[in-house]
Amino acid sequence: MKKVLILLFAIFALVSCTKDDEVQGQEAASDAVSGESLIRLTMPSEPDSLDPYLSTASDTEAVMHNIYEGLVLFDQDGAIIPGLAESWEISDDGLEYTFHLREDVTFHNGDHFDSADAAYSYGVISGLSTGKPISSRFSTITGIETTDEYTLVLKLSEPNAAFLEGTRVAIIPEGYESSATAPVGTGPYEFVEYTPGQRIVLEKNDDYYDESRMARIDRAEVYIMTDESAIVTALQSGQLDMAQVTGSDAEILSRNFTIYSNPQNMVCLFAMNNDFKPFDDIRVRKAMNYAVNKDNIIYGAFDGYATRLDSNFSPVMGSYYNSDVENYYPYDPGKAEALLAEAGYPDGFEFTITVPANYQQHVNTAQIIAEDLKRVGIKAEIQLVEWGAWLEDVYSNGNYETTIIGLTGKLDPYEILVRFVSDFRRNFFHYDNPRYDKLIKEAMVETDEERRAELYKECQMILTEDAACVWTCDPNLVIAARKDLKGYKAYPLTFTDLSALYYEE
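This one's a predicted model, so the numbers in the text were calculated from it and none came from an experiment.

Rules used in this analysis
Residues numbered from 1 in each chain as written. Predicted model: local features only at pLDDT ≥ 70, side-chain atom pairs only at ≥ 80, totals over all residues. Heavy atoms only, no water. Helix = DSSP H or I, 4+ residues; strand = E, 2+ residues; numbered from the N terminus. Buried < 20%, exposed > 50% of the residue type's maximum accessible area, 1.4 Å probe, protein only. Polar contact = N/O pair within 3.5 Å; in protein donor to acceptor, adjacent residues only side chain to side chain. Axes fitted to C-alpha atoms, helices over the stretch in contact; angles between N-to-C directions. Parallel < 35°, antiparallel > 145°, perpendicular 65-115°, else oblique. Left-handed = near helix turned anticlockwise from the far one by under 90°. Contact = heavy atoms within 4.5 Å. Expected span 1.5 Å × (residues − 1). Salt bridge = Lys/Arg side-chain N within 4 Å of Asp/Glu carboxyl O. Core = buried A, V, L, I, M, F, W, Y, C linked by side-chain atoms within 4.5 Å. Phe/Tyr/Trp six-rings, centres within 6.5 Å; stacked < 30°, edge-to-face > 60°.

A.B. asks: If you had to explain the side chain of E165 to someone new, which residues and values would you point to?
C.D. replies: Following the sequence through the fold, E165 ends up in helix α5 (residues 163–166). Take E165: its relative accessible area is 5%, and that puts it in the buried class. At 2.6 Å, the side chain of E165 forms a polar contact with the side chain of R137.

Below, the structure is given as structure tokens:
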């Protein structure tokens, strides 16, 4: 963190030191040498990969979605809208998707976009050209056709109600293999550089095809910063223009900054490895749910800027959300102790909570949970790990006892709940319930929306009844921005829409 702060102070040494935060911010709106408009903001974790087909971290996607685009995009309500495809048709049997592509798109490297690029991308995504799909949701693609220069046809082995939403995955140039070091997309911003541990730099794409989404700020510098006090100091001194902050810091900054706060459609949870003793015992998992005071987490870790959750679903998902799960496990240490005794642990037990160190709110959550569990005789040791190690050990390999994490929201309920399907490759919970698997598969192919919603609601209740995790909350995304920085948009996915931002003259 010291390196980041030194870098920030070195870059912005020309910024005058006054007591007026707003004046400082205005002076920092443009590069003193080039005259370009500039925005400096933060991301809370190191990118897990710049390659869109290897990255799984929501914080990475929040930035890289300005570079990459898919066949479809999404609006602020989560509705699917045209992207690189102007329109599409779905066959009556749900097995064939025909996309009509835009004819006026150029990649950042100067290549013209056409159906060959889309076909190449889906060959990689589906595994048809590599032998391994990047996600199980694309394993049902059995055929890819380009009927002409601007028409792409994707054929599926079985209907999938969530498939269209999945086509927002990035399209890259045909044959391009350097995405991990030099990302090339079609979005309103182009990749310039990435300095590990420091920042990502993007610049406006002057050749962007959609005038309504043309970037209005020339350059974006995204600093990797995790220290909350350092972020507040950088905002107040005019070295940052916008940043994610805590609720308590938002109160401090509200006089001189515009504060935005909105639910993220994120599921924060205390995950228990269902294969690890004693968490393979449902009585122990239920005891953990009764022993944790979620209100303490909401107010202690998120300053009250969060919505309580009792299953792997946020109320933001509207008609798909099952309100019957609410307060299913009220805070009840007495019940927790009784269940522990029944399971053979009258004196409790010891275990480890593995927490990514770069997320202070997760660290705070772990500390609160450890104190709650101590009251029922359970001793929890908190182990802080680097983000990369967490992604490899916990998320990819499922090698852990318990952990604290936030799962990014999705636009389709299938993509949220598939994480608990027994054979899903990212099911790091090691949860296994045949009935749950069956219902998820039924919902995936169900075309009647009312019936589909019923199936997903039943799945939420199964997860809650099985106490697969201790779900805690959907935290608000709280943003502090200079008062002359306008255009901020909130989305139901983690996305910092740089193209919408502009400075008020």
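We are not done yet, so read on.
A.B. asks: Provide a residue-level description of the packing of helix α8 (residues 282–291) against helix α10 (residues 333–342), including the pertinent values.
C.D. replies: The interhelical angle for the contact between α8 and α10, taken along N-to-C directions, is 165 degrees, at an axis separation of 8 Å. Taken together, the axes of α8 and α10 lie roughly antiparallel to each other. Of the two possible hands of crossing, α8 and α10 adopt the one that is left-handed. Of the residues in α10, those in contact with R283, V284, K286, A287, Y290 and A291 of α8 are P333, K335, A336, L339, L340 and E342.

A.B. asks: Tell me about helix α11 (residues 360–374), and please be specific about residues and values.
C.D. replies: The first and last C-alpha atoms of α11 sit 21 Å apart over 15 residues, in line with the 21 Å expected at 1.5 Å per residue. Those residues of α11 that fall on the buried side of the exposure criterion are H362, V363, N364, T365, A366, I368, I369, A370, D372 and L373.

A.B. asks: Which residues make up the pattern of salt bridges, and what values do they have?
C.D. replies: All told, the structure shown has 27 salt bridges when counted by the stated rule. Among the ionic pairs, R102 bridges to D104, the shortest N-O distance being 3.0 Å. The buried category is assigned to R102, whose relative accessible area is 17%. With its nearest N and O atoms 2.9 Å apart, the salt bridge here joins D310 to R308. Classification of R308 by relative accessible area gives partly exposed; the value is 23%.

A.B. asks: Run through the nonpolar core, naming residues and quoting values.
C.D. replies: Core analysis: the biggest nonpolar cluster contains 60 residues, and L71, F99 and Y122 have the highest contact counts within it. Per-element tally for this core: the top contributor is helix α4 (residues 115–126), with five residues. Look past the residues within four positions of L71 in its chain and what remains in contact with it is P82, G83, L84, A85, F99, L101, A118, Y122, L152, T167, V169 and I171. Formed by 46 residues, the second largest nonpolar core is a distinct cluster that contains A162, V267, A468 and W471.

A.B. asks: Give a description of the packing of aromatic side chains that names residues and reports values.
C.D. replies: The final tally for this structure, using the stated rule, is 31 aromatic pairs. Where Y320 meets Y456, the ring centres are 6.1 Å apart and the plane angle is 75 degrees; that geometry is what we call edge-to-face. Residue Y320 is located in the loop between β14 (306–308) and α10, and its partner Y456 is located in helix α15 (residues 449–465); the two are separated by 136 residues in the primary sequence. Looking at Y320, the relative accessible area reads 12%, which means it is buried. You can call Y456 buried: its relative accessible area is 0%. Judged by centre distance (5.7 Å) and plane angle (85 degrees), the rings of Y431 and Y436 are edge-to-face.

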